[in-house]
Amino acid sequence: MMAKSARAAAAWKTYREVTKPGTPGVLSRVRAIPRMIGAVMRGQYDGMGKGKLALLALGVVYIVSPVDVIPDFLVLVGLADDFGVFLWLIASLLGESGRYVDWERKIIAGQVEG
């Protein structure tokens, strides 16, 4: 029950962050993800380290992998762990890409040296 409420709280926090006036919208954040990954890999954007990027990649691999820590045949528990990783991944990607879009906007405005 505790994990369920923590996931709900994380989802709500992400929703509030994405819909806050003046912040990048969901579509802008999603479109920025490939640019953000490239900028992190090239060392151009230091707002997110390669370690965090690697953790996000592991999250994607975990979700698409047929091998699970908790097998899906344990229906409720097996799917809950996948869903928990999915929520963490989405929340992390949307949060990080929002900060990246803000950084890009500052670069364009000439406020940050790139």
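For the structure itself, look to the data block above.
Keep in mind it's a predicted model, so treat the numbers as computed, not measured.

Looking now at the environment of Tyr-100. Mapped onto the fold, Tyr-100 is located in helix α4 (residues 75–108). The class of Tyr-100 is buried, set by a relative accessible area of 4%. The spacing of Tyr-100 and Ala-32 is 68 residues in sequence and 7.5 Å in space, taken between C-alpha atoms. Aside from chain neighbours lying at most four places away, what touches Tyr-100 is Ala-32, Arg-35, Met-36, Ala-39 and Tyr-45.

Attention now goes to the nonpolar core. One finds Met-36, Val-40, Tyr-45, Met-48, Leu-56, Leu-93 and Tyr-100 to be the most contacted residues of the largest nonpolar core, which totals 14 residues. Those elements that place two or more of their residues in this core are α2 (26–42), α3 (50–64) and α4. For Val-40, the residues in contact, after removing those within four places along its chain, are Tyr-45, Met-48, Gly-49, Lys-50 and Leu-53.

Our focus in this paragraph is α2. Relative to the 24 Å expected for 17 residues at 1.5 Å per residue, α2 spans 24 Å between its end C-alpha atoms, a close match to the ideal helical length. Maximal helix bending in α2 amounts to about 40 degrees, located at Ile-33; proline Pro-34 follows within four positions. Within α2, the full set of buried residues consists of Arg-29, Ala-32, Ile-33, Met-36, Gly-38, Ala-39 and Val-40. Remark: Gly-43 follows α2 within two positions and exhibits a positive phi of approximately 80 degrees.

On the surface, Leu-55, Leu-58 and Trp-88 cluster together to form a nonpolar patch covering roughly 310 Å² of accessible area. Locating Leu-58 in the fold gives a position in helix α3. Look at Leu-58 and you get exposed, because its relative accessible area is 56%.

Reading guide: rules and limits
- Residues numbered from 1 in each chain as written.
- Predicted model: local features only at pLDDT ≥ 70, side-chain atom pairs only at ≥ 80, totals over all residues.
- Heavy atoms only, no water.
- Helix = DSSP H or I, 4+ residues; strand = E, 2+ residues; numbered from the N terminus.
- Buried < 20%, exposed > 50% of the residue type's maximum accessible area, 1.4 Å probe, protein only.
- Contact = heavy atoms within 4.5 Å.
- Core = buried A, V, L, I, M, F, W, Y, C linked by side-chain atoms within 4.5 Å.
- Expected span 1.5 Å × (residues − 1).
- Bend = angle between axes of the 7 residues up to and from the residue.
- Patch = residues over 30% accessible without salt bridge, like charges linked within 9 Å, V, L, I, M, F, W, Y side chains within 5 Å.
- Areas by Shrake-Rupley, 256 points an atom, 1.4 Å probe, with all protein chains shown as cover.
- Salt bridge = Lys/Arg side-chain N within 4 Å of Asp/Glu carboxyl O.

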